[in-house]
Amino acid sequence: IQPTITFSISSNSIQFGTLASGSARYATTSGGSGSNSVAHTMAASSNAPSGYTITYVGPTLTSGAYTVSPATISADADGIPGSSQFALAAAITGSGTIASGYEQASNNWKFVASTTSTLASSTGTASSDAIAVRYLANIPASQAAGSYTTDLTYVVTGTF
């Protein structure tokens, strides 16, 4: 049997809208939201006997000279509004698992800037795993409200 792996992402462009101090913002495909929302969904499958790994890499959110701090948030749906936080969380359906610290079901959020980090994986063949990814941002009053951006790269690797 030839090795196979497939990966897709529902949207390559998501937005927070305007970040402002005092309330959490969540990315969506249509300008962001004040409510915890799925930004996009990934699909992964592989006949690899030892599964696959999905990693991401990229810098934190920036707007001119302002940056939003990468965050690790545990058991909290909106982090600490009024502080500097950027993180993501995910949920999976299928045979895979979400990496520790990113479990949306437990309101765990995490982002590691500029270092390749594992988001999800499978330890065996996976016929159709769906990963729903959410993004959270908070900024302090000392930081300018506005449009903050980053570019993240997701990679799926089969473990054949």
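Definitions and cut-offs
- Residues numbered from 1 in each chain as written.
- Predicted model: local features only at pLDDT ≥ 70, side-chain atom pairs only at ≥ 80, totals over all residues.
- Heavy atoms only, no water.
- Helix = DSSP H or I, 4+ residues; strand = E, 2+ residues; numbered from the N terminus.
- Rg over C-alpha atoms; globule rule 2.2 N^0.38 Å.
- Buried < 20%, exposed > 50% of the residue type's maximum accessible area, 1.4 Å probe, protein only.
- Contact = heavy atoms within 4.5 Å.
- Areas by Shrake-Rupley, 256 points an atom, 1.4 Å probe, with all protein chains shown as cover.
- 1 Å grid on protein atoms, 1.4 Å probe; cavity = no way out; pocket = protein on both sides within 12 Å on 5 of 7 lines; lining within 4 Å.
- Points joined across faces, edges and corners; volume = space filled by probe spheres on them.
- Nonpolar A, V, L, I, M, F, W, Y, C, P; charged D, E, K, R; others polar.
- Phe/Tyr/Trp six-rings, centres within 6.5 Å; stacked < 30°, edge-to-face > 60°.
- Lys, Arg positive; Asp, Glu negative; His and termini not counted.
- Salt bridge = Lys/Arg side-chain N within 4 Å of Asp/Glu carboxyl O.
- Polar contact = N/O pair within 3.5 Å; in protein donor to acceptor, adjacent residues only side chain to side chain.
- Core = buried A, V, L, I, M, F, W, Y, C linked by side-chain atoms within 4.5 Å.

Quick word on the overall build of the chain
Working step 1: Scanning the chain from N- to C-terminus turns up zero helices and 13 strands.
Working step 2: Listing every helix and strand of the chain by position from the N terminus yields β-β-β-β-β-β-β-β-β-β-β-β-β.
Working step 3: For the chain, whose C-alpha radius of gyration is 16 Å, the value lies close to the compact-globule estimate of 15 Å for 160 residues.
Working step 4: Viewed in the frame of its principal axes, the chain has a C-alpha envelope of about 55 × 30 × 25 Å.
Working step 5: Out of the 160 residues in the chain, the part that is buried amounts to 42%.
Working step 6: If you take every contact in the chain between residues at least 6 apart in sequence, the share linking residues at least 24 apart comes to 74%.
Working step 7: Accessible area for the chain stands at about 7300 Å²; split by element, carbon and sulfur atoms hold 51% of it.

Observations concerning the layout of surface pockets
Working step 1: Volume-wise, the largest pocket comes out at about 460 Å³.
Working step 2: Taken together, 22 residues form the lining of the largest pocket, with Asn12, Ser13, Ile14, Thr150 and Leu152 sitting closest to its centre.
Working step 3: Residue assignment for the lining of the largest pocket shows that the elements contributing at least two residues are strand S1 (5–9) and strand S13 (153–158).
Working step 4: Counted by class, the lining of the largest pocket contains 11 nonpolar, 10 polar and one charged residues.

Here's the deal with the packing of aromatic side chains
Working step 1: The tally for this structure, following the rule as stated, stands at six aromatic pairs.
Working step 2: Here the aromatic rings of Tyr26 and Trp109 are separated by 6.1 Å at their centres, their planes lie at 45 degrees, and the arrangement is tilted. Separated by 83 residues along the polypeptide, Tyr26 in strand S2 (residues 25–26) and Trp109 in strand S10 (residues 109–110) bring together distant segments of the chain.
Working step 3: The class of Tyr26 is buried, set by a relative accessible area of 4%.
Working step 4: On the basis of relative accessibility, which here comes to 0%, the residue Trp109 falls in the buried class.

Quick look at the environment of Pro81
Working step 1: As for its position among the elements, Pro81 is in the loop between strand S7 (72–73) and strand S8 (85–93).
Working step 2: Between the alpha carbons of Pro81 and Ala71 there is a distance of 12 Å; along the sequence they are 10 residues apart.
Working step 3: The contacts of Pro81, once residues within four sequence positions are left out, are Gly22, Ser23, Ala24 and Asn138.

Digging into the side chain of Asp129
Working step 1: The topology assignment puts Asp129 in strand S12 (residues 126–138).
Working step 2: In this structure, Asp129 is buried with no salt-bridge partner, the nearest side chain bearing the opposite charge being Arg134 at 17 Å.
Working step 3: Of the polar contacts made by the side chain of Asp129, one reaches the side chain of Tyr52; its length is 2.6 Å.
Working step 4: If near-sequence neighbours (up to four positions away) are discounted, Asp129 is found in contact with Met42, Ala43, Ala44, Tyr52, Ile92, Thr93, Gly94, Ser95, Gly96 and Ser122.

Digging into the nonpolar core
Working step 1: The biggest cluster of nonpolar side chains holds 37 residues, and the ones touching the most others in it are Ile54, Leu88, Leu119, Ile131, Val133, Tyr135 and Tyr154.
Working step 2: Elements with a minimum of two residues in this core: strand S3 (40–46), strand S4 (52–57), S8, strand S11 (117–122), S12 and S13.
Working step 3: The biggest single contributor to this core is S12, with six residues.
Working step 4: Not counting chain neighbours up to four residues away, the residues in contact with Tyr154 comprise Phe7, Ile9, His40, Met42, Ile54, Thr55, Tyr56, Leu88, Leu119, Val133 and Tyr135.

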